Amino acid sequence: MTSAAPSPSSGRHDVLVIGGRMDADRALLTPRGELVRGCADTLAEKLSQLPARTARVDLDMSGVRFMDTAGLRFLDVLRDHGRRRSVPVTATRWTGQPRRLLELVGLDTTDPLRPPRRGGAPAPSTPAPHGTDRAHMTEEVEQLRQAIAARPVIDRARGILMASHGCSSDTAWRVLREASQLSGTGLRTVAAAVTAGAGRAGPRPPEEVREALATALARHLP
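Quick caveat, the model's predicted, so the values are computed rather than measured.

For Ala24, which is not glycine, the phi dihedral falls at a positive 60 degrees. Even without glycine at this site, Ser86 takes up a positive phi of about 55 degrees. Locating Ser86 in the fold gives a position in the loop between helix H2 (70-85) and strand S6 (89-92). Judged by relative accessible area, which is 66%, Ser86 ranks as exposed.

What follows is the structure in structure tokens.
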């Protein structure tokens, strides 16, 4: 049996499917796709279907190709399940972009459910990039760092964009990121402008941020 997150209304967004099997009293789960909006609910549903005799839950994350801040909520759900049921839970074999995101927030990339390293500093796992690759990586890391620091407001802004424009989580993230680049402001500021624009209260966002948002929306949501 598998559990799947609902498909987005638009965008190139891979639905999350969680397969698995039981090995005696151990559940072996294999998520495939992206850890984005809805992934935590998909995991919660899958965990609720496990037999009462389940004494351990292990996730093989090698099939996950992309992860945004919703992936942290995915981990929260798994951790909470282990605490409530008093069973060990693991999430191992991370690769690619999801592994880089775990490194950024200081989690153990072999199993992020372990306590973070002292000081929160992750150990490097790959050689340092050079030239344009290094510049690109630096930009990506800074964008992800801002996203994690401003997780609540960015998640709200992304939800507003998705509801207002019928776009996917990935497209909403691209709009926020591009508006941040165009306006030369942080992701938190851009996200705050989106949430402010959805209501009538609060200060009016800076003109450069509003113009950057309009440009990014026109480019990604024709």
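From this point, the discussion proceeds with the structure in view.
Note on placement: Glu178 falls in helix H6 (residues 169-183). Along the sequence, Glu178 and Leu217 sit 39 residues apart, while their C-alpha atoms lie 9.2 Å from each other.

So, on to the side chain of Asp108. Here Asp108 shows up in the loop between helix H3 (96-104) and helix H4 (131-149). Among the residues examined, Asp108 registers a relative accessible area of 11% and is labelled buried. Here the side chain of Asp108 touches Thr110 through a polar contact of 2.5 Å, side chain to side chain.

Here we come to the packing of H6 against helix H7 (residues 187-197). One way to put it is that H6 packs onto H7 with a least axis distance of 9 Å and a crossing angle of 115 degrees. In this structure, H6 crosses over H7, and the sense of that crossing is right-handed. Contacts between H6 and H7 involve Trp173, Leu176, Arg177, Ala179, Ser180 and Ser183 on the former and, on the latter, Leu187, Val190, Ala191 and Val194. In terms of residue class, the contact of H6 with H7 is made up of seven nonpolar, two polar and one charged.

Moving on: H3. When we look at burial in H3, the residues that qualify are Gln97, Pro98, Leu101, Leu102, Glu103 and Leu104. In the segment just after H3, Gly106 is the residue with positive phi, at about 80 degrees.

Here we come to H2. If you check H2, its first and last C-alpha atoms are 23 Å apart, about what 16 residues at 1.5 Å a residue would give, namely 22 Å. Of the positions making up H2, those classed as buried are Ala70, Gly71, Leu72, Phe74, Leu75, Val77, Leu78, His81 and Gly82. Just beyond H2, the residue with positive phi is Ser86, at close to 55 degrees.

Let's shift gears to the nonpolar core. Counting residues in each nonpolar core, the largest one holds 30 residues, and the members touching the most others are Leu35, Val57, Leu59, Phe74 and Leu78. Elements with a contribution of two residues or more to this core: strand S3 (26-35), helix H1 (39-48), strand S4 (56-60), strand S5 (64-67), H2, S6 and H3. With six residues, H2 is the single largest residue contributor to this core. Contact partners of Leu35, with chain neighbours within four places excluded, come to Leu16, Met61, Val64, Phe66, Met67, Asp68, Ala70, Gly71, Phe74 and Trp94. Formed by 21 residues, the second largest nonpolar core is a distinct cluster that contains Ala157, Trp173, Ala191 and Ala216.

Counting buried residues along S3, seven of its ten residues qualify, which places the element largely inside the surrounding structure. Pairing of strand S2 (residues 17-23) with S3 involves seven bridges; the strand directions are antiparallel. Of the residues in S3, the one forming a bridge with Met22 is Ala27. Connecting S2 to the next strand, S3, in antiparallel fashion are two residues, including Ala24 with a positive phi near 60 degrees. As paired elements, S3 and S4 share four bridges and run parallel to each other. Counterpart to Ala27 in the pairing with S4 is Val57. What joins S3 to S4 is H1, and the crossover it makes is right-handed. Looking at chain direction, S3 and S5 are connected through three bridges and run parallel. By the bridge assignment for S5, Gly33 is matched with Val64.

Take the confidence of the model for the protein chain next. Of all residues in the protein chain, 74% have pLDDT values of 70 or greater, and the mean over the chain is 80. This stretch, residues 6-13, has a pLDDT under 50; its non-local contacts, to residues over four places away or in other chains, come to 16 contacts. Ignoring residues within four places in sequence, the model shows residues 119-129, a span with pLDDT below 50, making eleven contacts including any to other chains.

Cut-off values and rules
- Residues numbered from 1 in each chain as written.
- Predicted model: local features only at pLDDT ≥ 70, side-chain atom pairs only at ≥ 80, totals over all residues.
- Heavy atoms only, no water.
- Helix = DSSP H or I, 4+ residues; strand = E, 2+ residues; numbered from the N terminus.
- Buried < 20%, exposed > 50% of the residue type's maximum accessible area, 1.4 Å probe, protein only.
- Polar contact = N/O pair within 3.5 Å; in protein donor to acceptor, adjacent residues only side chain to side chain.
- Axes fitted to C-alpha atoms, helices over the stretch in contact; angles between N-to-C directions.
- Left-handed = near helix turned anticlockwise from the far one by under 90°.
- Contact = heavy atoms within 4.5 Å.
- Nonpolar A, V, L, I, M, F, W, Y, C, P; charged D, E, K, R; others polar.
- Expected span 1.5 Å × (residues − 1).
- Core = buried A, V, L, I, M, F, W, Y, C linked by side-chain atoms within 4.5 Å.
- Pairing = 2+ DSSP bridges.
- Right-handed = clockwise from strand over helix to strand, strands pointing away.
- pLDDT = per-residue confidence, 0-100.

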